[in-house]
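One-letter residues, chain by chain:
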Amino acid sequence: MSDCELLERAAKAAGYEIERYSEKHGSLFAIVDGVSMWWDPLTNDGEALRLAVKLGIRITNNQSDAWATTPDAIAIEPLTNDLYAATRRAIVRAAAKIGKQIKGGHARSKQ
């Protein structure tokens, strides 16, 4: 699954309205809690944490993996050189699994 698809599904899970995706920025322009903004929890720790809190995602990691879990989804991301990047990606992957289960959604346009 591409990063664009991950972000779209994660945004859907969080109830964010997607306005467009930018290949150049690698992020979504979305309405997040009433504010229009570029949104990319794959690279932004604060956005990943807010996503995890909003969806009740539990975050754990060990020597080799970052885990993001809910009663409905689990994502395990192998640790590389960046523990924080692996944790953010696990959070977004878990959120995307939740978003995939949601019917309907918003259309996107590429920029």
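What counts and how
- Residues numbered from 1 in each chain as written.
- Predicted model: local features only at pLDDT ≥ 70, side-chain atom pairs only at ≥ 80, totals over all residues.
- Heavy atoms only, no water.
- Axes fitted to C-alpha atoms, helices over the stretch in contact; angles between N-to-C directions.
- Helix = DSSP H or I, 4+ residues; strand = E, 2+ residues; numbered from the N terminus.
- Parallel < 35°, antiparallel > 145°, perpendicular 65-115°, else oblique.
- Left-handed = near helix turned anticlockwise from the far one by under 90°.
- Contact = heavy atoms within 4.5 Å.
- Pairing = 2+ DSSP bridges.
- pLDDT = per-residue confidence, 0-100.
- Buried < 20%, exposed > 50% of the residue type's maximum accessible area, 1.4 Å probe, protein only.
- Polar contact = N/O pair within 3.5 Å; in protein donor to acceptor, adjacent residues only side chain to side chain.
- Patch = residues over 30% accessible without salt bridge, like charges linked within 9 Å, V, L, I, M, F, W, Y side chains within 5 Å.
- Areas by Shrake-Rupley, 256 points an atom, 1.4 Å probe, with all protein chains shown as cover.
- Salt bridge = Lys/Arg side-chain N within 4 Å of Asp/Glu carboxyl O.

Colleague: Quick question: what am I supposed to make of the packing of helix α1 (residues 3-14) against helix α3 (residues 83-100) here?
Modeller: Two measures define how a pair of helices packs: the angle their axes make with one another and the distance between the axes. Between α1 and α3, whose axes approach to 7 Å, the crossing angle comes to 65°. As far as their axial angle goes, α3 and α1 are roughly perpendicular. Note that α1 runs across α3; the crossing there is left-handed. Residues Asp3, Leu6, Leu7, Arg9, Ala10, Lys12 and Ala13 of α1 pack against Arg89, Val92, Arg93, Ala95, Ala96, Ile98, Gly99 and Lys100 of α3.

Colleague: I keep staring at the pairing of strand β5 (residues 65-69) and nothing clicks. Help me out?
Modeller: Sheet faces and side chains relate simply in a regular strand, where the side chains alternate between the two faces. Where strand β4 (residues 58-61) meets β5, 4 bridges bridge the pair, whose relative direction is antiparallel. Residue pairing across strands places Thr60 opposite Trp67, the latter belonging to β5. Between β4 and the antiparallel strand that follows it, β5, lie 3 residues. Strand direction decides the pairing type here: β5 and strand β6 (residues 74-78), joined by 5 bridges, are antiparallel. Note that in β6 the partner of Asp65 across the bridge is Pro78. Following β5, the chain reverses through 4 residues before pairing antiparallel with β6.

Colleague: Looking at this structure, how should I read the confidence of the model for the protein?
Modeller: Close reading of the predicted structure is inappropriate where its pLDDT is low. Averaged over all residues, the pLDDT of the protein is 88; the fraction at 70 or higher stands at 93%. Ignoring residues within four places in sequence, the model shows residues 106-111, a span with pLDDT below 50, making 18 contacts including any to other chains.

Colleague: I would appreciate a short explanation of the sheet that holds strand β3 (residues 35-39) in the present structure.
Modeller: Paired through their backbone hydrogen bonds, the strands of a sheet run either parallel or antiparallel. Here 3 strands make up an open sheet; going across it, the order is β1-β2-β3 and the pairing antiparallel. Both outer strands of the open sheet, β1 (17-22) and β3, are each paired with one neighbouring strand and no more. For this sheet, the mean angle separating the axes of adjacent strands, direction not counted, is 20°. The pairing of β1 with strand β2 (residues 27-32) spans 5 bridges and is classified as antiparallel. Within β2, the position partnered with Ser22 by the bridge is Ser27.

Colleague: It is not clear to me how the side chain of Glu77 should be interpreted in this structure. Could you clarify?
Modeller: Turning to its location among the elements, Glu77 is positioned in strand β6. Given the relative accessible area of 15%, Glu77 is considered buried. Engagement of the side chain of Glu77 in a polar contact is seen with the side chain of Arg93, the distance being 2.9 Å.

Colleague: Hey, could you run me through a nonpolar patch on the surface in this one?
Modeller: Side chains of Leu49, Val53 and Ile59 sit close together on the surface and give an oily, nonpolar patch of about 280 Å² of accessible area. Along the polypeptide, Leu49 turns up in helix α2 (residues 45-55).

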